[in-house]
2 protein chains.
Amino acid sequence: MTKPLAGITILDLTHVLAGPYCSMTLCDLGAHVIKVERPVIGDDTRAFPPFTKGKSAYFATINHGKKSIALDLKAEGDRAIFERLLARADVILENYRPGVMERMGYGWDDLHTQYPRLIYGAVSGFGHTGPEAKRPAYDMVVQARGGVMSITGEKDREPVRVGASVGDIVAGMFLCQGVLAALVDRERTGQGRKVDVAMLDSQLAILEHAVAITSVTGTPPGPTGARHPSIAPFETFHAADGLFVIAAGNDVLFEKLCVALNLPLADDARFATNPARVENARLLKRLIEAVTLDKTRAHWIAKLGAAGIPSGPIQNVAQAMRDPQILARNMVVDVLDRNGRPAFKAAGNPIKMSGLGDPTVRAAAPDLDGDRGEILRWLEEKG
Amino acid sequence: MTKPLAGITILDLTHVLAGPYCSMTLCDLGAHVIKVERPVIGDDTRAFPPFTKGKSAYFATINHGKKSIALDLKAEGDRAIFERLLARADVILENYRPGVMERMGYGWDDLHTQYPRLIYGAVSGFGHTGPEAKRPAYDMVVQARGGVMSITGEKDREPVRVGASVGDIVAGMFLCQGVLAALVDRERTGQGRKVDVAMLDSQLAILEHAVAITSVTGTPPGPTGARHPSIAPFETFHAADGLFVIAAGNDVLFEKLCVALNLPLADDARFATNPARVENARLLKRLIEAVTLDKTRAHWIAKLGAAGIPSGPIQNVAQAMRDPQILARNMVVDVLDRNGRPAFKAAGNPIKMSGLGDPTVRAAAPDLDGDRGEILRWLEEKG
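Small disclaimer: the values here were computed from a predicted structure and weren't measured.

(A) Representation of the overall build of chain A in the model. Tallying secondary structure elements over chain A gives 16 helices and 15 strands in all. By its C-alpha atoms, chain A is 75 × 50 × 40 Å across when sized along the principal axes. Computing the positive centroid from 45 side-chain charges and the negative centroid from 44, chain A places the two 3 Å apart.

Right, here's the structure in full:
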């Protein structure tokens, strides 16, 4: 069985994170990704730490398995190569500021006329429309402006950044969805589409709960530390040896929790319903911790697990990378160096699919322009 | 031009957030989503606040535009309806604990034998394999265990939850990608595939940077408040009237920033390179704030914007929902009630696509079993 995107060629002009994250997923699903980089410097992230054997592990994490060719899209010879690639590609991805592709003669209208089957995927800070379309952005700018930082952090303290680069990554994921939907459509219509994803839009799109609360109550929610804003108990608790999470999302789970902790609260009016528990969450936390402080978190996680109550430890990234369930799912993979030896570890592909395979190694990330010969030969073969 | 997923039917057994978020996206892209709910109670989120006119706005945010039928999959008559739906569906989505579908006779192996074109998408806390496959999970359990909480929050304080439900939503997005890739594949092979996404896996998958740092240095990163861990200046700064973000991601932007702030630091060895600036980030923050405290954040954002330096305000969700760029992108939409009147506002579709349309209203969320008649008539028509 072939991979689901076998035979699909992605011409990838994106750099840094949002676009390359999208093409990484497409590559893991079997697409042939040709990374087109600017000469000499290439993708900015080739210079981002951490480094291993003189190469950026950050770059390699996102770009493993892709092919690289360096092209100067203002130089005639390289433009000719690029146009031969366009004629063979199924998808072009770019993350320039709006207008840059048009000035090079490769805007959507031109490309769609010349290559009607080509799908055009763009990701940018603010999108291709609207008053601020041409402003630059980075992850934290859209985390800040889009609202996610305002609900992340502790009450009465300054907002904090989400530790993961969700400003970039979520936008790259929406781009991936749009491109895949356009591929489904093209199988039936023969026509490509343009997909335009903005990092700022994508931040609002993941705030389903906060937007609903703001719209209905008129009051935007603030940060709540480690508590869920509208479910209780659903937060961190201290055990004898550290923090763990209990997530009792409904009345049945709360009753089971009371039994497991030997806490006679299930018939107490202050805790009888979820709204009441949210109202009295600070008191509830203290009553629960008065019990949980006495034993280790492993004790409680095992006990609550046996009772069917969701709970788990707070793990740092090293602990997560050793987690038996994560390892059993092949979610930590070896990225190879150019000599085929394991260089460092990266997260695996979270999309498990029948017939896809789930290897625990990843091909090396390409050197800048390292696949020029192979790509030119591939073009020759295609005629 | 039709929507890209026009004619694709999704049989959606999922509830709460991860699965319904996936089918919401598929619905926005044109798929026909039939939500199969358990009788009487339906999706748990029908009881989640906030409420408007007695209905959950939370439920409606995620389920607008879908159709609902209530089926008891253990009752003979309802099973017969369900099986007629299976014969017509392109995709089935479920988020039961692993093994539940098998016990009902609707496991992947059985379904694939009987309906070889059907795509099977599953999202669960820990996935369908591994020692803990059958444990329940909620958003915060996987945020905690997967590592994202350990890098979110302030240094030397307890970790905090990401305010957005990324434990659910990111998993729903990976599921959506897998299902779409399987649809692309099926156009060529005629065969469905099973997609198995775990919420825990999905959390590790968005930690590209933290995993690379942990693997290369042996030391997991901790929370850094509102600072990017390896780029400076890339954090929040105080202006006269509030907090804003400056994201100067490379040397060229840093030089422009020094000019814009009239700060003679570009030739200072302590700030000459990004690694040096990261090393001296606390000092750099104070030197920059000594300037920025003097004027409003609007002043600085306009000035830095004119100089091409990414910056922006920290906005709460109400401010984000009034942001002119967000409004220009149709990212705040009206969800209608069953009488066709605007009931409340939700986030729009971040996947802008040629030929898709970008309406600023959304059809109402379905009442429980509210489309039974229409769905049965649709089955009749299909024969």
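(B) Seen up close, the sheet that holds strand 9 (residues 234-239) of chain B. Residue and element names in this part refer to chain B. The three strands lie next to each other as 9-10-11, forming an open sheet whose pairing is antiparallel. Where the open sheet ends on each side, the last strands, each with one partner, are strand 9 and strand 11 (311-313). Put simply, the sheet's adjacent strands are angled 30° from each other on average, direction ignored. In the sheet, strand 10 (residues 242-247) pairs with strand 11 via three bridges, with the strands oriented antiparallel. Directly across from phenylalanine 244, in strand 11, lies its bridge partner proline 313. Relative to the sheet, helix 12 (residues 281-292) contacts strand 9 and strand 10, its axis offset from that of strand 9 by approximately 35°.

(C) Looking closely at unusual backbone geometry. Residue and element names in this part refer to chain A. A cis geometry characterises the amide bond from proline 49 onward to proline 50, with omega recorded as 0°. Topologically, proline 50 is positioned in the loop between strand 2 (32-37) and strand 3 (51-52). Going from alanine 232 to proline 233, the amide bond is cis rather than trans, its omega being -5°. Residue placement: proline 233 occurs in the loop between helix 9 (208-217) and strand 9 (234-239).

(D) Inspection of helix 16 (residues 372-382) of chain B at higher detail. Residues and elements named next belong to chain B. Among all positions in helix 16, only Ile375, Trp378 and Leu379 are buried. Down the axis of helix 16, the buried set is contained in an arc of 100°. They therefore lie on one face. Opposite the buried face of helix 16, by more than 90 degrees, sit the exposed residues Arg377, Glu380 and Glu381. Structurally, helix 16 contributes buried residues whose contacts are with strand 1 (9-12), strand 2 (32-37), strand 5 (67-70) and helix 3 (76-88). Just beyond helix 16, the residue with positive phi is glycine 383, at close to 85°.

(E) A look at the interface of chain B and chain A. At the interface, 147 residues of chain B touch 147 residues of chain A. Here chain B meets chain A over a buried area of about 11,900 Å², counting both sides, of which 66% is carbon and sulfur. The largest contributions to the chain B side of the interface with chain A come from Arg193, Glu208 and Gln325 of chain B, which together make up 6% of the buried area. Counting across the interface, chain B meets chain A through eight salt bridges. The salt bridge involving aspartate 201 of chain B is made with arginine 329 of chain A; its shortest N-O contact spans 2.8 Å.

(F) Summary view of the state of the cysteines. Applying the stated criterion to the full structure yields zero disulfides over all chains. Of all cysteine sulfurs in the structure, the one in cysteine 22 of chain A sits closest to cysteine 27 of chain A, which takes part in no disulfide; the separation is 11 Å.

(G) Here's a closer look at the relation of the copies chain B and chain A. Rotating chain B by 180° and translating it 0.0 Å along the rotation axis places it on chain A, where the RMSD comes to 0.1 Å. Viewed as a symmetry operation, the transformation between the two copies matches a two-fold axis. In this assembly the copies share their binding face: 99% of the residues contributing to the interface of chain B also contribute to that of chain A.

(H) The arrangement of the pattern of salt bridges in detail. Following the criterion strictly, the structure yields 56 salt bridges over all chains and no others. Across the salt bridge formed by arginine 157 of chain A and glutamate 154 of chain B, the nearest N and O atoms sit 2.6 Å from each other. Placement of the pair is arginine 157 of chain A in the loop between helix 6 (139-146) and helix 7 (166-189) and glutamate 154 of chain B in the loop between helix 6 (139-146) and helix 7 (166-189), with the two residues belonging to separate chains. By relative accessible area, which is 18% here, glutamate 154 of chain B ends up buried. In this structure, lysine 285 of chain B and glutamate 289 of chain B form a salt bridge, with 4.0 Å as the shortest nitrogen-oxygen distance. A residue pair is termed a helical-turn pair when its members lie 3 or 4 positions apart in one helix, as lysine 285 of chain B and glutamate 289 of chain B do in helix 12 at four residues. Among the residues examined, lysine 285 of chain B registers a relative accessible area of 17% and is labelled buried. The exposure class assigned to glutamate 289 of chain B is buried, which follows from its relative accessible area of 13%. Look at the salt bridges and you will find they share partners, linking Glu132, Arg135 and Arg145 of chain A together with Asp323 of chain B into a network.

The rules behind these values
- Residues numbered from 1 in each chain as written.
- Chains lettered and ligands numbered in written order.
- Predicted model: local features only at pLDDT ≥ 70, side-chain atom pairs only at ≥ 80, totals over all residues.
- Heavy atoms only, no water.
- Helix = DSSP H or I, 4+ residues; strand = E, 2+ residues; numbered from the N terminus.
- Lys, Arg positive; Asp, Glu negative; His and termini not counted.
- Charge placed at Lys NZ, Arg CZ, Asp CG, Glu CD.
- Pairing = 2+ DSSP bridges.
- Axes fitted to C-alpha atoms, helices over the stretch in contact; angles between N-to-C directions.
- Contact = heavy atoms within 4.5 Å.
- Buried < 20%, exposed > 50% of the residue type's maximum accessible area, 1.4 Å probe, protein only.
- Arc of directions from axis to C-beta.
- Buried area = accessible area lost by both parts, 1.4 Å probe.
- Salt bridge = Lys/Arg side-chain N within 4 Å of Asp/Glu carboxyl O.
- Disulfide = S-S within 2.5 Å.
- Least-squares fit on C-alpha atoms with pLDDT ≥ 70 in both.

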